[in-house]
Amino acid sequence: SSHFGSSQKRVKLGQFGDCCNSTMAGVRGKVLKAAGLKNVDLFGKSDPFVRVTLEDAKGEILAEMKTSTKTDDLDPVWDDESFSFSPDDKHSGHLLDCSLRFKVMDTGLGPDVELGQSLVPLKLVPLMEEGGEEKLFEFSLGIAHGKSPLGMLTLQIGVIPSAGWFS
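Residues numbered from 1 in each chain as written. Predicted model: local features only at pLDDT ≥ 70, side-chain atom pairs only at ≥ 80, totals over all residues. Heavy atoms only, no water.

Draft legend 1. Local environment of the pairing of strand β3 (residues 61-66). Bridge analysis of strand β2 (residues 48-55) against β3 gives five bridges, and the strand direction is antiparallel. Its bridge partner being in β3, Leu 54 is matched across the sheet by Ala 63. (Pairing = 2+ DSSP bridges. Helix = DSSP H or I, 4+ residues; strand = E, 2+ residues; numbered from the N terminus.)

Below, the structure is given as structure tokens:
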């Protein structure tokens with residue numbers, strides 16, 4: 001198959017080769033809940049939301065979404081916060097090199113404050129079965145100053161095979 005950027009397309013495909021790469025049409029999932037978030041508010045508790053970004057290997061943002069904000073909640077649960085990213089043709093061949101970044105932010109009077117984040121390489125996310133569910137993951141949001149954990153984030157993520165994308 002002739003693609004415009006075919007000379008670049010061979011870069012970093014590694015053991016996966018072209019056949020496997022072209023089977024990834026996109027990635028989708030849901031933000032389910034966070035637990036044990038840090039309280040950064042002086043009055044009340046943190047008001048968290050999650051910013052989800054699809055990033056290429058250079059950290060350039062290809063797509064993003066934000067969940068709703070939960071007020072005064074250090075263990076927020078989101079009901080129906082799904083995301084679905086399908087990269088444009090320029091990036092679709094490099095989906096395996098992309099990552100999802102989940103940044104938990106606190107919204108307050110001033111600028112939003114980061115409460116923690118997880119970076120998930122797409123090559124760790126399984127391809128979804130036909131009619132199947134996204135896989136459940138639980139990620140740490142990091143450690144603050146080498147001492148206290150910043151909490152956990154529970155997500156469902158699945159990579160969409162291109163055949164299932166169109167059917």
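Draft legend 2. Fine view of unusual backbone geometry. The residue Asp 72 is not glycine, and still its phi comes out positive at about 50 degrees. Looking at where Asp 72 falls in the secondary structure, it is placed in the loop between β3 and β4 (82-85). Using a relative accessible area of 42% as the deciding quantity, one classes Asp 72 as partly exposed. (Buried < 20%, exposed > 50% of the residue type's maximum accessible area, 1.4 Å probe, protein only.)

Draft legend 3. Focus on the packing of aromatic side chains. Going through the model one piece at a time under the given rule, you end up with three aromatic pairs. A network of ring pairs unites the aromatic residues Phe 83, Phe 85 and Phe 102 as a single cluster. When the ring centre of Phe 137 is taken as reference, the NZ or CZ atom of Lys 135 above it lies at 5.6 Å. (Phe/Tyr/Trp six-rings, centres within 6.5 Å; stacked < 30°, edge-to-face > 60°. Lys NZ or Arg CZ within 6 Å of the ring centre and 35° of its normal.)

Draft legend 4. Inspection of the sheet that holds strand β6 (residues 113-121) at higher detail. Taken together, four strands build an open sheet; the order of strands is β3-β2-β5-β6 and the sheet is antiparallel. Each edge of the sheet is formed by a strand with only one pairing partner; in this case those strands are β3 and β6. Going from strand to strand, the sheet's axes swing by 20 degrees on average, the running direction of each strand aside. (Axes fitted to C-alpha atoms, helices over the stretch in contact; angles between N-to-C directions.)

Draft legend 5. Seen up close, the sheet that holds strand β1 (residues 24-35). The antiparallel open sheet is built from four strands, whose spatial order is β4-β1-β10-β7. The open sheet terminates on both sides in strands that have one partner only, identified here as β4 and β7 (135-140). On average, each strand axis in the sheet is inclined to that of its neighbour by 25 degrees, with strand direction left out of account. Judged from the 10 bridges that link them, β1 and strand β10 (residues 152-161) form a sheet pairing that is antiparallel. Counted as the bridge partner of Gly 26 is Ile 160 from β10.

Draft legend 6. Examining the pattern of salt bridges more closely. Here the structure, examined in full by the defined rule, presents four salt bridges. A salt bridge links Arg 51 to Glu 64; the nearest nitrogen and oxygen atoms lie 2.9 Å apart. Taken together, the residues span a long stretch of sequence, with Arg 51 in strand β2 and Glu 64 in strand β3 at a distance of 13 residues. The closest approach of N and O atoms between Arg 101 and Glu 55, which form a salt bridge, is 2.9 Å. Of this pair, Arg 101 sits in strand β5 (residues 99-106) while Glu 55 is found in strand β2, placing the two residues 46 residues apart along the sequence. What makes Glu 55 buried here is its relative accessible area of 7%. (Salt bridge = Lys/Arg side-chain N within 4 Å of Asp/Glu carboxyl O.)

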